Structures are given as C-alpha cells and as structure tokens.
Amino acid sequence: MYTILNLVNKLVEVFNILLLIRVVLSWIPMGENALTRAVYSVTEPILAPIRRAIYPWMRNIPLDISPIIAYFLIQLIRNIIFRIAYLLYF
C-alpha cells in the first residue's frame, strides 16, 4: 500500500511541476517546440474542463486561473485518497 501511495504522491508532484512549467512558458514567447508541446499535451486535458467550467464567471477577465484551480483540486483529490487509504489500511 505504501508503494501505491508513494506513486500517487510522485505523480501529483510531477504534475504540479508541469503546471508550473506551463505557467512560466505562457509568460515567455518561445513559439512552439517539443517542450511546449509535451507540457501542453499533458496539462491541457486537466485545464480545459476547468476553463470551460469557470468561463461563465470569468468571461470578461483576461486572466487564466485554471492552473491555480487545478493545483488545488489535485491536492484535494490526493488528500482524499490518502485519508481513505489511511482509514482502510492503517
């Protein structure tokens, strides 16, 4: 069980790093290259539904807060998984 929880924790850490890289890449006009394509292809499946969900409220604001919301949602899901595992196995 520790191995699975450790894997979940590592995946969350990697995704958080990719989110941070995506935010930084959005500030730097680099054009399209292999790094940006890779980061966008991993993070976009999570960010696109969040953008669609918050669009009605954020329509007139030119700031994309979907990475922030994704970060907190992923942390919430990770914490729920850890609490359920703790209740079931420890």
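Right, let's walk through the structure included here. Computed from a predicted structure; not experimentally measured.

Focus on the overall build of the protein
Check the secondary structure of the protein and you find three helices and zero strands. The order of α-helices and β-strands along the protein, N terminus first, is α-α-α. Taking 90 residues into account, the globule formula puts the C-alpha radius of gyration at 12 Å, and the protein, at 16 Å, lies well above it. Principal-axis analysis of the C-alpha atoms gives the protein an extent of 50 × 35 × 15 Å. Carbon together with sulfur atoms contributes 71% to the accessible area of the protein, which is approximately 6800 Å² in total. Averaging the locations of the 8 positively and 4 negatively charged side chains of the protein gives two centres separated by 7 Å.

Things to note about the pattern of salt bridges
Taken as a whole and judged by the stated rule, the model has five salt bridges. The salt bridge partner of Glu44 is Arg51, with a shortest N-O separation of 2.9 Å. The class for Glu44 is partly exposed, based on a relative accessible area of 26%. Arg51 is the partner of Asp64 in a salt bridge, and the nearest nitrogen-oxygen pair spans 3.2 Å. With Asp64 in the loop between helix H2 (34–58) and helix H3 (66–89) and Arg51 in helix H2, the pair connects residues that are 13 residues apart, well separated along the chain. What makes Asp64 partly exposed here is its relative accessible area of 38%.

Structural notes on the side chain of Gln75
Relative to the elements of secondary structure, Gln75 occurs in helix H3. Residue class for Gln75 comes out buried when judged on its relative accessible area of 14%. Once you skip the residues sitting within four places of it in the chain, Gln75 turns out to touch Val12 and Asn16.

Observations concerning helix H1 (residues 2–27)
Over its 26 residues, H1 extends 38 Å from the first C-alpha to the last, a length consistent with the 38 Å expected when each residue adds 1.5 Å. Of the residues making up H1, those classed as buried are Leu5, Val12, Phe15, Asn16, Leu18, Leu19, Arg22 and Leu25. Where the residues of H1 are buried, they touch H2 and H3.

As for the packing of H2 against H3
For the pair H2 and H3, the least separation of the axes is 9 Å and the interaxial angle reads 110°. Comparing their axes, H3 and H2 come out roughly perpendicular. The two elements H2 and H3 meet at a crossing, and its hand is right-handed. Contacts from Ile46, Leu47, Ile50, Arg51 and Ile54 of H2 reach H3 at Ser66, Pro67, Ile69, Ala70 and Leu73. In terms of residue class, the contact of H2 with H3 is built from eight nonpolar, one polar and one charged.

Conventions and cut-offs
Residues numbered from 1 in each chain as written. Predicted model: local features only at pLDDT ≥ 70, side-chain atom pairs only at ≥ 80, totals over all residues. Heavy atoms only, no water. Helix = DSSP H or I, 4+ residues; strand = E, 2+ residues; numbered from the N terminus. Rg over C-alpha atoms; globule rule 2.2 N^0.38 Å. Areas by Shrake-Rupley, 256 points an atom, 1.4 Å probe, with all protein chains shown as cover. Lys, Arg positive; Asp, Glu negative; His and termini not counted. Charge placed at Lys NZ, Arg CZ, Asp CG, Glu CD. Salt bridge = Lys/Arg side-chain N within 4 Å of Asp/Glu carboxyl O. Buried < 20%, exposed > 50% of the residue type's maximum accessible area, 1.4 Å probe, protein only. Contact = heavy atoms within 4.5 Å. Expected span 1.5 Å × (residues − 1). Axes fitted to C-alpha atoms, helices over the stretch in contact; angles between N-to-C directions. Parallel < 35°, antiparallel > 145°, perpendicular 65-115°, else oblique. Left-handed = near helix turned anticlockwise from the far one by under 90°. Nonpolar A, V, L, I, M, F, W, Y, C, P; charged D, E, K, R; others polar.

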